[in-house]
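Architecture and fold: a report
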Amino acid sequence: MRGGGNVSLKVLVMTAQILLNILRHSIVKMEAINLLILDECHHAVKKHPYSLVMSEFYHTTPKEKRPSVFGMTASPVNLKGVSSQVDCAVKIRNLESKLDSVVCTIKDRKELEKHVPMPSEVVVEYDKASSLWSLHEKIKQMEQTVEEAARSSSRRSKWQFMGARDAGAKEELRQVYGVSERTESDGAANLIQKLRAINYALGELGQWCAYKVAHAFLTALQNDERANHQLDIKFQESYLVTVVSLLQCNLSEGAISENNATGSDMDDASVNGNEPDELEEGELATSHIVSGGEHVDVIIGAAVADGKVTPKVQSLIKILLKYQHTEDFRAIIFVERVVAALVLPKVFMELPSLSFVKSASLIGHNNSQEMRTSQMQDTIARFRDGRVTVLVATSVAEEGLDIRQCNVVIRFDLAKTVLAYIQSRGRARKPGSDYILMVERENLSHVAFLKNARNSEETLRKEAIERTDISHLKDTCSINSGEAVDGTMYQVKSTGAVVSLNSAVGLIHFYCSQLPSDRYSILHPEFTIKHHETPGGLMEYSCELQLPCNAPFEKLEGPPCKSMRLAQQAVCLAACKKLHEMGAFTDMLLPDKGIGAETDKVEQNDEGDPLPGTARQREFYPEGVADILQGEWILSGKGSEEPKIFNLYMYSVNCENTGFSKDPLLNQVSEFAVIFGAELDAEVLSMSMDLFVARAVITKASLVYEGPIKIRETQLTLLKSFHVRLMSIVLDVDVEPSNTPWDTAKAYLFVPLAGGKSTDPVHLIDWALIDEVTKTDAWINPLQRARPDVYLGTNERTLGGDRREYGFAKLRHGMANEQKSHPTYGIRGAVAQFDVVKASGLAPHRDASRVPFQVDLTNGKLMMADSCIMVEDLGGKIITAAHSGKRFYVDSVRFDMTAENSFPRKEGYLGPLEYGSYAEYYKQKYGVELIYRQQPLIRARGVSYCKNLLSPRFEHSDGHDAVSEETPEKTYYVFLPPELCFVHPLPGSLVRGAQRLPSIMRRIESMLLAVQLKDIINYPVPASKILEALTAASCQETFCYERAELLGDAYLKWVVSRFLFLKYPQKHEGQLTRMRQQMVSNMVLYRFALNKGLQSYIQADRFAPSRWASPGVLPVFDEDTKEADSSLFYEEIDSDERLSRKIHNTDGYEEDEMEDGELESDSSSYRVLSGKTLADVVEALIGVYYVEGGKCAANHLMRWIGIEIDFDLKEIKYSVKPSTVPDNILKSIDFDSLEGSLNCKFSDRGLLVEAITHASRPSSGVSCYQRLEFVGDAVLDHLITRYLFFTYTDLPPGRLTDLRAAAVNNENFARVAVKHNLHTHLRHGSSALEKQIRDFVKEVQNELSKPGFNSFGLGDCKAPKVLGDIFESIAGAIFLDSGCVTASVWEVFQPLLNPMVTPETLPMHPVRELQERCQQQAEGLEYKATRTGNLAIVEVYVDGVQIGVAHNPQKKMAQKLAARNALVALKEKESAEAKESGEVDGKEKNGSQSFTRQTLNDICLRRNWPMPIYQCIHEGGPAHAKRFTFAVRVNTSDRGWTDECIGDPMPSVKKAKDSAAVLLLELLNKWYTR
């Protein structure tokens, strides 16, 4: 390819036909080609693509713009021979003219033979075969019978039927565009081809071979997946069975009974045919026969005598036997027909004498080109490396096959042309090779061909070297100049694409094959030839073209022409022109498929990168911060010379607890306020958020505006310092107020409130506490600041980081069996040798002799690590343990306990004591000698890290670890010697209150972003609803966008479908679908979202305080995070968060590459979002605006986002033309019955006729239902989704999705259509469809006969798609007939759809039910699918054991049935186990019913209750005989919480939970069956 300017040159390799196509469709222009290399250029004659490329494009291009042409061939003349030197010269000169080139060849043959050795030629003669006349005649009679049957069944003439060959148009369609048509009448033509192939095999190869051919054809048909539905297949099968029995019966005659046994064994041959339904003439599926027949050479003679094989085959076998001992033997046998290529390897396999032969077939492309290509390449590779030694090939192997090892070429059938003779000889590449020509004895034509071929080769070579003068001959070198006569071509000026008489017929066939269709309606053009006699007595022909009913026009009359072929070409050319003018062809003259190509369900591009808008496409986006939070004031407070006063706004945080807990600390919480630089929107103040602080306690938090406040700069310095000290401890980030970075993008401060009332909000602030906290010397001690683990070198977070839970303490103490350890169990922290602390100088020396005084306990004083304190002053404080850096809330001082007290033993442990006393424990464990052993111990509980309080943490579903469920209820206390404790400067209540602030501010920051987006969109919708549309389910909060997204998706699809349908009345359903895809696909919505910057507003991560950036306290990402993947906490984190966290690890360290203005360590401002999330948010916003403001609001939002369509029907300049349906069709339809079923009268009955007309019905002026189905599908989806959304307002998104899927699906619509007898009015023309509908109706009637049963599309019989389609198309017809009013559609369809699916009646798909059940039981689930004939077999394995199996023609249906069988088997097994255990325990419950957690879960799911909550209330006994006791309760929607049902002690957690579930099920049974 030529490259202009900086464009690089390209080399393109393609077939001749593809080159012709891309030139015709102007994808590449001839001027762009620099060099045209044509391999096997002798093909450039007649209508071959080479010839057409040259005549249509090369010779019509100006000479200076033409490419150079380089052709290669073994013979420039592709004919049976040349009669003379002059004849040869003329043919060579014509080829030279066509290719605008000169023929050259090598003069010295010996020079060539050094590189390409010439094989020695051997002629082998064979006897003529004796005729099996009676068999031939019987098969010929069958051919005639089939032809007669086909003619009588066809309404068309024989000319139209037998091609329906359309003068080669179908073959052209297959060759040119790689697509094939199938019609029911093609079954007859296909069968005739097969019968001829069998007859050929009978004559040329013998009866046994013919039997194998027929048997293979039959087996391939029976294995055809479509056999159940295709009449043409059944039609063929009936004849082939007769042929097989005819040929097989004759095998048992004569003296070769041993061979008969072989023949009968072959019935069971396994046939591995590829695409057997697309056979060429004479082709059969590749078969592998394994037979027990024992043959020796003498049998061949008998077999020949009996006609089993012909003398020709016998001769071939003898030739092969000569090479038995040849080293590295490799042969190619050339045959004329595909049938011979496929059956000869079977002959070789049957003969033990030929066991040294490993043979395979090599045949050309069929219609399934990709499979054939790979198969051919595999066969050639096996031949090349010796796994195959004999290749039986058709002419496909004559050209271009280069296998150096090949040393024998056998022409089983003589070549047809000189070229084939030369080329096949050239395959023998090895020096000393043989070229064996098999010739029939006394066959003069064979002898003449050989003589002619040898002479012609010499003549050609001589002519190429010594050119004959032919100047005296006239018109020898005429060439089509390419100047098209008017009317012979049509060119698009803008692109240069051209269609000519030569290509028009193929293009029209290709266009029809691309129209939307199903397997019952194979669409193709129909031609009717009309005869006209001219005044001069000559006959002229015109052709009428009829296109399928979903084309933009149906009939076209062509001009009169001299021949039928020309008339057909002319009408097709006129049709191409008309289709282009109507927009059905693009300017490239290719069928218009809508805008671009579909990318639906494709997750990645050619390079393997995920496509935009898919779930796999994930990118970094900066986290948005609302503009209102910006403030320069946050940078002030450094004590400048001129004291400033700042006008700020104070909002107090109001918290109210609901529920009850025994934990006193929940109510001992300090109050806070937040100071902002601007006044917040009123919607933020009206918002109340639920904080899930404990199992039974929810805190409702909201902001209350206290008023504007004036803050002096000195006060601001104090407030900032307090804020940093407080949040550094809460978030566990070690920063100093003096050097912490402040960001103006997020300017607000947390301040403590003193309580009381005041008119000036400044006086509400607890300035005394702020002074105390900011000015204490305690902060000098590193153990009192955040991250004491870093100081102690233990690499262990103490508080604030959600990276460590007490699970690590459990591992550290080797308590893998979940035993409770010593009293410090459950508190996170490392084991630091006390020497580290001692060496630091943080704690006093531990030398008893140097103790200055004894502590006077009577005065109520305690000796702490660095001070002396009164006992009463210790209440409510936090203490830091000097030996570990852990922090604790002080509970009480235990005067009844000292360090001398014995150390408690582990629960359930009966062995000797590990430590004698607390003093001994600290000495052995930490290496510290206690001095004040008589001091009372402090009872304390660990300070938990800062948690995400926005997610409901305590509604655990069944299956979670029992420990994680019970921990919030239990409090673990430790007993600490005061001398090892520092008093922390922050009070306990202050820290507990501050731990709520990150969660509160996360919600406020999100809400402020939603308010900001609302203002940008500029339409009055509640900001809280917009926040819902911006929050992903992965946040695990109490709301998410999924419900709104469902509604928005359906509304968007509907609005766009309506617009396209009305705007483009001439576009067919395929074009409309693709255009809609281009307007509403996730990729498009994703780009809209990016253009509007929605990525900054979306909340997609579960809130993690450790990654939240507080003003002045930015998160830390260090090595600790890298280890954290293994922590227990990660089980709760979704993949989005985990991915972003991993990425932060690296970002945190690339300080050298930071850009200007980027804050150090500010990794938290970036997160990962998938492309699908952005697209989903767009749909959710549409849904929210539709709910809050109706169509006007939703349309406003869509316009804002960038969806450029006319939303108002008045804006769409459409006109629904009244239908013109012929009266005879109107009279044939029972409108009273049809309209009665619908309970609806049509104004324009033509629309109703169109809605029930299938594409398989001959047109007669009525369009098929496809366009109406397009609009009807969208309107029903929208209406049903809207109904479910507003009916079930409290239903979780997942259940709503399931409801919609059950209501809006083709299977359900088909059942509704049958229920109301709509199927009886369907107009179609396919007997296969008729049969499938009949079977389906019978199945549905069985379903409906079951009391109370409604499968909602989950029945055992798959519906014909057509029935669901007409249900949708009738909806489309009502929409148009009512003047485009959706309410009219719902008025008609709501009664039809009743009873509508409800949460109670929703059937769960067996595949999903089985999957969920196996997940809950932690069992492995696996499906294995195989296919036998036209049946798919699916087996279900649970934990490696086969549980269920099912057979069905459709794989999906087989999987569904197998899953259903597996569920039945599992439930029976559970019942048996429950019954057995019931008998053992003497507590058999209600017969054999299985009471399990699964049953309880199913009830909760159906009634839309939250999942049951299980709690371990006791766990005891020695390790070898532990017992668990569980309690369970459930929150019912109508009666509230049930009582706690406590099960029996059981040896496993599963059984203990089952025991509790039994009691709860009994309780629910009593409640709901009274």
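Residues numbered from 1 in each chain as written. Predicted model: local features only at pLDDT ≥ 70, side-chain atom pairs only at ≥ 80, totals over all residues. Heavy atoms only, no water.

Details of the overall build of the chain
As a reminder of what qualifies: The helix and strand labels rest on DSSP assignments: H or I over at least four residues marks a helix, E over at least two residues marks a strand, and numbering proceeds from the N terminus. Every accessible area reported is derived by Shrake-Rupley at a probe size of 1.4 Å, with residue values counting cover from the shown protein chains alone.
Across its full length, the chain carries 49 helices and 37 strands. Per element, the accessible surface of the chain, about 69,300 Å² overall, is 50% carbon and sulfur.

Points about unusual backbone geometry
With an omega of 0°, the peptide bond running from Asn1394 to Pro1395 counts as cis. The backbone phi angle of Leu589 is positive, close to 60°, even though this residue is not glycine. Mapped onto the secondary structure, Leu589 falls in the loop between α19 (564-581) and β16 (618-622). Here the phi dihedral of Cys1380 falls at roughly 65°; this positive angle occurs in a residue that is not glycine. Along the chain, Cys1380 falls in the loop between α44 (1361-1377) and α45 (1382-1393).

Examining the sheet that holds strand β14 (residues 539-546)
Note the threshold: We call two strands paired when DSSP finds no fewer than two bridges between them. Here an angle of 0 to 180 degrees is reported between the N-to-C directions of two axes, which are lines fitted to C-alpha atoms, with helices fitted over the stretch in contact. Note on contacts: a residue pair is in contact if any heavy atoms of the two residues lie within 4.5 Å.
Reading across the sheet, the three strands line up as β13-β14-β15 and stay open at both edges, with antiparallel pairing between neighbours. Each of the sheet's edge strands pairs with one partner strand only, and the pair in question is β13 (526-533) and β15 (555-557). Direction aside, the axes of adjacent strands within the sheet are offset by 20° on average. Relative to β14, α19 is tilted by about 40°, and along the sheet it contacts β13, β14 and β15.

Re the pairing of strand β2 (residues 68-72)
Let me state the cut-off plainly: We call a crossover right-handed when, viewed with both strands directed away from the observer, the connection leading from the first strand over the helix to the second proceeds clockwise.
Relative to β2, strand β1 (residues 35-39) runs parallel, the two sharing five bridges. By the bridge assignment, Leu38 is partnered in β2 with Gly71. Each parallel crossover has a hand, and for β1 linked through helix α2 (residues 49-58) to β2 it is right-handed.

A word on the packing of aromatic side chains
Condition: Only centres within 6.5 Å qualify two rings of Phe, Tyr or Trp (six-membered ring in Trp) as a pair; their planes then separate them into stacked at under 30 degrees, edge-to-face at over 60, and tilted for everything else. Each residue is placed in one exposure class: buried if its accessible area under a 1.4 Å probe, protein chains only, is under 20% of its type's maximum, exposed if it is over 50%, and partly exposed if it falls in between. Two conditions define a charge located above a ring, namely a distance within 6 Å from the ring centre to NZ of Lys or CZ of Arg, and an angle within 35 degrees of the ring normal.
Following the criterion strictly, the structure yields 22 aromatic pairs and no others. Between the aromatic rings of Tyr651 and Phe676, the centroid separation amounts to 5.6 Å while the plane-to-plane angle is 75°, which identifies the pairing as edge-to-face. Of this pair, Tyr651 sits in strand β17 (residues 645-659) while Phe676 sits in strand β18 (residues 672-676); the two residues are 25 residues apart in sequence, bridging distant segments of the chain. Ring centres of Phe903 and Tyr921 lie 4.5 Å apart, and the angle between their planes is 20°; this geometry places the pair in the stacked category. On the criterion of sequence distance, the pair formed by Phe903 in the loop between β25 (887-898) and α26 (918-926) and Tyr921 in helix α26 is long-range, its members being 18 residues apart. Of the two residues, Phe903 and Tyr921, neither departs from the other in class, the shared state being buried. Taken together, the ring pairs connect Phe903, Tyr915, Tyr918, Tyr921, Tyr922 and Phe975 into an aromatic cluster. Looking at Arg939, its charged tip hangs above the ring of Tyr973, at a distance of 3.8 Å from the centre.

Focus on the side chain of Gln1012
Put simply, the rule is: Under this definition, polar contacts are N or O atom pairs within 3.5 Å; protein pairs additionally need one hydrogen-donor-capable and one acceptor-capable atom, and for neighbouring residues in sequence, both atoms have to be side-chain atoms.
Mapping Gln1012 onto the fold places it in helix α29 (residues 997-1017). Residue class for Gln1012 comes out buried when judged on its relative accessible area of 17%. A polar side-chain atom of Gln1012 sits 3.4 Å from a polar atom in the side chain of Tyr1097. Every residue in contact with Gln1012, bar those within four places of it in the chain, is listed here: Ala626, Asp627 and Tyr1097.

Quick look at the state of the cysteines
Rules: By convention in this document, the label disulfide applies to cysteine sulfur atom pairs within 2.5 Å.
Scanning all chains against the criterion turns up zero disulfides. Considering cysteine sulfurs only, Cys1035 is the nearest to Cys1040, which forms no disulfide, with 8.9 Å between them.

Quick notes on a nonpolar patch on the surface
This is how it is decided: Every patch collects residues that have over 30% relative accessible area and no salt bridge, joining them within 9 Å if they carry like charges and within 5 Å if they are nonpolar side chains (Val, Leu, Ile, Met, Phe, Trp, Tyr). In the sections that follow, a salt bridge refers to a side-chain nitrogen of Lys or Arg positioned within 4 Å of a carboxyl oxygen of Asp or Glu.
On the surface, a cluster of nonpolar side chains totalling about 370 Å² of accessible area is made up of Leu35, Ile37, Phe70 and Met72. Elements supplying a minimum of two residues to the nonpolar patch: β1 and β2. If you trace the backbone, Phe70 turns up in strand β2. The partly exposed category is assigned to Phe70, whose relative accessible area is 43%.

Observations regarding the packing of helix α33 (residues 1082-1091) against helix α36 (residues 1171-1201)
To be explicit about the condition: By the definition adopted for this analysis, an angle is roughly parallel if under 35 degrees, roughly antiparallel if over 145, roughly perpendicular if from 65 to 115, and oblique otherwise. Residue polarity is assigned by list, with Asp, Glu, Lys and Arg as charged and Ala, Val, Leu, Ile, Met, Phe, Trp, Tyr, Cys and Pro as nonpolar; anything else, Gly included, falls into the polar class.
Across the interface, α33 lies against α36 with an axial gap of 8 Å and an inter-helix angle of 80°. Overall, the two elements α33 and α36 adopt an arrangement that is roughly perpendicular. Residues Asn1082, Leu1085, Tyr1086, Phe1088, Ala1089 and Leu1090 of α33 touch α36, and the partners they reach there are Gly1171, Lys1172, Leu1174, Ala1175, Val1178, Glu1179 and Ile1201. Here the contact of α33 with α36 is composed, by residue class, of nine nonpolar, two polar and two charged.

Looking at the sheet that holds β18
What the five strands build is an open sheet, ordered β19-β20-β17-β18-β21; its pairing is antiparallel. For this open sheet the edge positions go to β19 (689-694) and β21 (748-752), each flanked by a neighbour on one side alone. Between one strand axis and the next, the sheet turns by 35° as a mean value, whatever way the strands run. Pairing of β17 with strand β20 (residues 697-712), which is carried by 15 bridges, proceeds in the antiparallel orientation. Bridging across to β20, Asn657 finds its partner in Thr699.

Here's the deal with the nonpolar core
Rule in force here: Throughout this description, the term nonpolar core refers to a set of buried Ala, Val, Leu, Ile, Met, Phe, Trp, Tyr and Cys residues connected via side-chain atoms within 4.5 Å.
In this structure, Leu1238, Phe1367 and Phe1389 are the most contacted members of the largest nonpolar core, which totals 202 residues. For this core, the element with the highest residue contribution is α36, accounting for 16 residues. Apart from the residues within four sequence positions on either side, Phe1367 is in contact with Leu1276, Phe1309, Val1312, Ala1313, Leu1318, Phe1389, Leu1392 and Leu1393. Core analysis: the next-biggest nonpolar cluster, separate from the first, contains 64 residues, Leu195, Ala210, Val309 and Leu316 among them.

Side note on the pattern of salt bridges
Side-chain pairs of opposite charge can arise where the charged atoms are in close proximity. Scanning the model with the defined rule gives 44 salt bridges in all. For Asp891, the salt bridge identified is with Arg939, shortest N-O distance 2.8 Å. Taken as a pair, Asp891 in strand β25 and Arg939 in strand β26 (residues 936-942) lie far apart in primary sequence, 48 residues in all. Between Lys1053 and Asp1273 there is a salt bridge, with the nearest N and O atoms lying 3.2 Å from each other. Linking Lys1053 in helix α31 (residues 1042-1063) with Asp1273 in helix α40 (residues 1266-1287), this pair joins segments that are 220 residues apart in sequence. Salt bridges linked by common partners bring Asp1049, Lys1053, Asp1273, Asp1277 and Arg1300 together as one network.

Focus: helix α41 (residues 1293-1303)
Residues spaced three or four apart along an α-helix face the same direction, because each turn holds 3.6 residues. Most of α41 sits out of view: eight of its eleven residues are buried. Residues of α41 that are buried include every one of Pro1293, Arg1295, Leu1296, Asp1298, Leu1299, Arg1300, Ala1302 and Ala1303, and no others. Along its buried surface, α41 packs onto α31, α40, α42 (1306-1315), α46 (1406-1416) and α48 (1493-1502).

Section: the environment of Ala1301
Within the fold, Ala1301 resides in helix α41. Through-space distance from the C-alpha of Ala1301 to that of Asp1277 is 9.8 Å; in sequence the pair is 24 residues apart.

Observations regarding the packing of helix α1 (residues 16-24) against α2
For the record, the criterion: Should the near helix be turned counterclockwise from the far one by less than a right angle, the crossing is left-handed, whereas a clockwise turn marks it as right-handed.
Running from N to C, α1 and α2 point in directions that differ by 25°, and their axes come no closer than 8 Å. Considering their axes alone, α1 and α2 lie roughly parallel with respect to each other. Handedness of the α1/α2 crossing: left-handed. Along its contact with α1, which presents Ala16, Gln17, Leu19, Leu20, Leu23 and Arg24, the element α2 presents Pro49, Tyr50, Leu52, Val53, Glu56 and Phe57. Of the residues contributing to the contact of α1 with α2, the split by class is nine nonpolar, one polar and two charged.

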